[in-house]
Amino acid sequence: MIIDNVISREKQVADALTGICGGKYVFTGADDLYGYGKDQTLDLDFPFDILVKPGTVEEVAAIMEVCNKHRVPVTPRAGGSGVTGGALPVNRGVVLSVERLNRIIGINETDGYIIVESGVITADMCRHAEERGLYFPVAPSSAGYSMVGGNVAENAGSINSCRYGTTSQYVMNLEVVLPTGEVIWTGANVSKNATGFNLTQLFVGSEGVLGIITKVVYRLVPKPTHDVSLLAGFASLEDACNAITAIRRSALQPSAVELVCENALRMTSAYLNEPLPLVEEGITTHLLVNLQDFTEEGLMHSMELAGNILEQYTAWNILTGTTAQEKEKMWKLRFSIGSALMSEGRKYRDIDISVPLSSLYRYIRRVEEIAASHGMPLACFGHALDGNLHTMLVLNEDTGEEETENAARAVNEIYSYAIDNGGVISGEHGIGLLQKEFMPMQFSGPHLQLMQQIKQLLDPNGILNPGKVL
């Protein structure tokens, strides 16, 4: 009888959603659902019942009203590029894909903002802005396939975050559908606003558990006209970290400072199996520095300052990239690390802890010790100047019980060490499913209870993206 009731409820919901969106955009067959039960998180894949692809905010609102009435879980999904399980339908139900909400609504060049729907591909939005001399400076590395709504929901970071900040600093206003079906705008399209509670920032980084983002108003900035990349190789990690600290203490404002530790360098160079700049005997660590300016004179001054700093800590020549071809060659190893981690029957456990820069060197060394004590290969790389280093545990694609247990123990020790030293569980990838069990490490009971109360207020039936964050 219970099974019959569940099947009946699913059919009622599917019929109602078909009435809202049309049969062309409601799916229940296994072939149609394939791929929507997973994202980029390990090899996790969850079965679910209905896939719906609304095309308007009104359709999203009507879908939420139906699902709330029938107490059916709804998992919002953008590009599926997340690595912490934020888009996984862990309680079955409905997956709501925003891929058809893909219009660039408009750009206001005078006031410096762009309005886009949540299913717009990030790179498409960036190109549209840059054609008008404007710039969205914090597009994540997944910009070619991630969607705007997902970036906002996760408060995505970027290699440029050390200068420009994260997504949250560019969100002026959001259109959000609440779990009960109401539609609100969270703020206003102005650069200064002290009117009421800041609901915009409540939804930025909320990972789809409080509402479904349908439109985003992003602040844009003028696009720098000159940029250059520098690549330095170091004999030791300590030398590279000392150079990073010296950059922080200087007047230099680089747009990116990316660190590649020896474990990631060796694994990725072997994967690429081709001549690469500064991959040679004696070099254990790479540092990539990107500089931007509006004048050639300003850029040259920054290059000189950066070069003087880096030269104090390395015996090798510092490479300079000014053309697109030169930059691509210099950055190839850094941007190939993810592919290397997924090659040769491997996968990885994402760890994107952010620590104070003063703790970065000690953190890396401690993580190396922890991984080695549990027999876990490791790849360390990432956004060094803001302390957001990706320390990935490398696993076999077919993970056995012992390896899984070793990884779990290692992750627990790494998070504990980072938090004890002023760090946070996630700098940019979010909590999702993968990291929610560690939230009590980070927050006190009253803090977690307050977040749970906010969730309960907005989603009284607990239907929106259940099983995530809290």
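For the structure itself, look to the data block above.
Quick caveat: nothing in here was measured; it's all calculated off a predicted structure.

> Explanation requested: the overall build of the protein chain in the structure shown.
The helix and strand tally for the protein chain stands at 16 helices and 18 strands. A compact globule built from 470 residues should have a C-alpha radius of gyration of about 23 Å, and the protein chain, at 23 Å, falls within 12% of that. Projected onto the principal axes, the alpha-carbon positions of the protein chain cover approximately 75 × 60 × 45 Å. Out of the 470 residues in the protein chain, the part that is buried amounts to 53%. Partitioning the contacts of the protein chain with sequence separation of at least 6, the portion at a separation of at least 24 is 74%. Carbon and sulfur atoms make up 50% of the accessible area of the protein chain, which totals about 20,400 Å². For the protein chain, the centre of its 35 positive side-chain charges and the centre of its 55 negative side-chain charges are spaced 4 Å apart.

> I keep staring at a nonpolar patch on the surface and nothing clicks. Help me out?
Side chains of Phe197, Leu199 and Leu202 sit close together on the surface and give an oily, nonpolar patch of about 310 Å² of accessible area. With a relative accessible area of 34%, leucine 199 lands in the partly exposed category.

> What is the right way to look at the packing of helix 8 (residues 237-249) against helix 13 (residues 360-373) in this model?
Two quantities define a packed helix pair, namely the angle between the helix axes and the distance between the axes. At a minimum axis separation of 10 Å, helix 8 and helix 13 run at an interaxial angle of 150°. When the axes of helix 8 and helix 13 are compared, the pair comes out roughly antiparallel. Seen from above, helix 8 lies across helix 13 with right-handed handedness. Residues Leu237, Glu238, Cys241 and Ile244 of helix 8 pack against Leu360, Tyr361, Ile364 and Arg365 of helix 13. The residue inventory of the contact of helix 8 with helix 13, partitioned by class, reads six nonpolar, no polar and two charged.

> Please explain the layout of surface pockets as it appears in this structure.
Gaps between atoms show up when a probe of the same size as a water molecule is rolled over them. By volume, the second largest pocket is sized at about 620 Å³. Considering the residues around the second largest pocket, the lining is formed by 28 residues, among which Gly205, Ser206, Glu207, Met451 and Val469 are closest to the centre. Listed by contribution, the elements that provide at least two residues to the lining of the second largest pocket are helix 7 (199-203), helix 15 (439-442) and helix 16 (445-458). Residue classes in the lining of the second largest pocket are distributed as 13 nonpolar, eleven polar and four charged.

> What am I meant to see in the pairing of strand 18 (residues 388-396) here?
Looking along a regular strand, one sees the side chains alternate between the two faces of the sheet. For strand 18, the tally of buried residues reaches eight of nine residues, placing the bulk of the element in the interior. Bridge analysis of strand 16 (residues 346-349) against strand 18 gives four bridges, and the strand direction is antiparallel. Counterpart to arginine 346 in the pairing with strand 18 is asparagine 396. Where strand 17 (residues 378-383) lies against strand 18, six bridges are found, and the strand directions are antiparallel. Bridge assignment links histidine 383 to a residue of strand 18, and that residue is asparagine 388.

> Sorry if this is basic, but what is going on with the sheet that holds strand 1 (residues 26-27) here?
In a beta sheet, neighbouring strands pair by backbone hydrogen bonds and run either parallel or antiparallel. Across the sheet, four strands lie side by side as 1-2-4-3; this open sheet has mixed pairing. The sheet is open, and its two borders are formed by strand 1 and strand 3 (74-77), each paired with just one other strand. Of the pairings in the sheet, the one linking strand 1 to strand 2 (residues 50-52) comprises two bridges and is antiparallel in character. Bridging from a neighbouring strand, valine 26 pairs with valine 52 of strand 2.

> I tried to follow the pairing of strand 3 on my own but got confused; where do I start?
Taking every second residue as pointing to the same face, both faces of strand 3 are buried, with Val74 and Pro76 on one and Thr75 and Arg77 on the other. Relative to strand 4 (residues 94-97), strand 3 runs parallel, the two sharing four bridges. Within strand 4, the position partnered with proline 76 by the bridge is leucine 96.

> I tried to follow the environment of isoleucine 353 on my own but got confused; where do I start?
Secondary-structure assignment places isoleucine 353 in the loop between strand 16 and helix 13. Overall, the relative accessible area of 0% leaves isoleucine 353 in the buried class. Each C-alpha atom, one on isoleucine 353 and one on valine 367, is 11 Å from the other, the two residues being 14 residues apart in sequence. Excluding anything up to four places from it in sequence, isoleucine 353 contacts Tyr363, Gly387, Asn388, Leu389, Ile414, Tyr415, Ala418, Val424 and Ile425.

> Which parts of the structure should I look at to understand the pattern of salt bridges?
When the charged atoms of two side chains with opposite charge come close together, those side chains can pair. Per the counting criterion, the structure on display carries 17 salt bridges. A salt bridge links arginine 127 to aspartate 124; the shortest N-O distance between them is 2.2 Å. Highlighted residues: arginine 127 and aspartate 124, both in helix 4 (residues 122-130), separated by three residues, approximately one helical turn. Here aspartate 124 falls in the partly exposed class, since its relative accessible area comes to 33%. A salt bridge links glutamate 368 to arginine 365; the nearest nitrogen and oxygen atoms lie 2.8 Å apart. Taken together, the residues glutamate 368 and arginine 365, both in helix 13 and three residues apart, mark about one turn of the helix. Classification of glutamate 368 as partly exposed rests on a relative accessible area of 23%.

> Just checking my understanding: could you explain the side chain of aspartate 352 for this structure?
Tracing the sequence through the fold places aspartate 352 in the loop between strand 16 and helix 13. For aspartate 352, which is buried and forms no salt bridge, the nearest opposite charge comes from arginine 349, at a distance of 7.4 Å. Within the local environment of aspartate 352, its side chain forms a polar contact with the backbone nitrogen of histidine 429, the two atoms lying 2.9 Å apart.

Thresholds applied
- The numbers attached to residues start from 1 for each chain and follow its sequence in the written order.
- Reporting in this predicted model follows two pLDDT cut-offs: at least 70 for local features of residues, and 80 or more for side-chain atom pairs to be given and counted; totals over whole chains, interfaces and linings ignore these cut-offs and use all residues.
- Hydrogens are left out, water is left out, and the side-chain values use all remaining heavy atoms of the structure.
- By definition, any uninterrupted DSSP run of H or I lasting at least four residues is a helix, any uninterrupted run of E lasting at least two residues is a strand, and each is numbered from the N terminus.
- Radius of gyration: over C-alpha atoms. The globule rule applied is 2.2 Å multiplied by the number of residues raised to the 0.38 power.
- Burial classes follow relative accessibility: with a 1.4 Å probe on protein chains only, a residue under 20% of its type's maximum area counts as buried, one over 50% as exposed, and anything between as partly exposed.
- In this analysis, two residues are considered to be in contact whenever any of their non-hydrogen atoms come within 4.5 Å of each other.
- Here the Shrake-Rupley method, with its probe set to 1.4 Å, supplies the accessible areas, and only the displayed protein chains count as covering residues.
- Two residue types count as positive, namely Lys and Arg, and two as negative, namely Asp and Glu; His and chain ends fall outside the count.
- All charge positions are set by atom: Lys at NZ, Arg at CZ, Asp at CG, Glu at CD.
- Only residues above 30% relative accessible area that lack a salt bridge enter a patch, with like-charged residues linked at up to 9 Å and the nonpolar side chains Val, Leu, Ile, Met, Phe, Trp and Tyr linked at up to 5 Å.
- The rule for a salt bridge is simple: a side-chain nitrogen of Lys or Arg has to be within 4 Å of a carboxyl oxygen of Asp or Glu.
- All axes here are fitted lines through C-alpha atoms, helices being fitted over the stretch that makes contact, and every angle between N-to-C directions spans 0 to 180 degrees.
- What sets the label is the angle itself: under 35 degrees gives roughly parallel, over 145 gives roughly antiparallel, 65 to 115 gives roughly perpendicular, and the rest give oblique.
- Should the near helix be turned anticlockwise from the far one by less than a right angle, the crossing is termed left-handed; should it be turned clockwise, right-handed.
- Residues are grouped as follows: Ala, Val, Leu, Ile, Met, Phe, Trp, Tyr, Cys and Pro are nonpolar; Asp, Glu, Lys and Arg are charged; all remaining types, including Gly, are polar.
- Computed over the protein atoms alone on a 1 Å grid, cavities are sets of points where a 1.4 Å probe fits but cannot get out and pockets are open sets with protein on both sides within 12 Å along at least five of seven lines; a residue lines them when it has an atom within 4 Å of a point.
- Grid points are joined across faces, edges and corners, and a volume is the space filled by probe spheres set on the points.
- The criterion for strand pairing is that DSSP finds at least two bridges linking the strands in question.
- Residues adjacent in sequence count toward polar contacts only when both atoms are side-chain atoms; beyond that, a polar contact is any pair of N or O atoms within 3.5 Å, and within protein one must be able to donate a hydrogen and the other to accept it.

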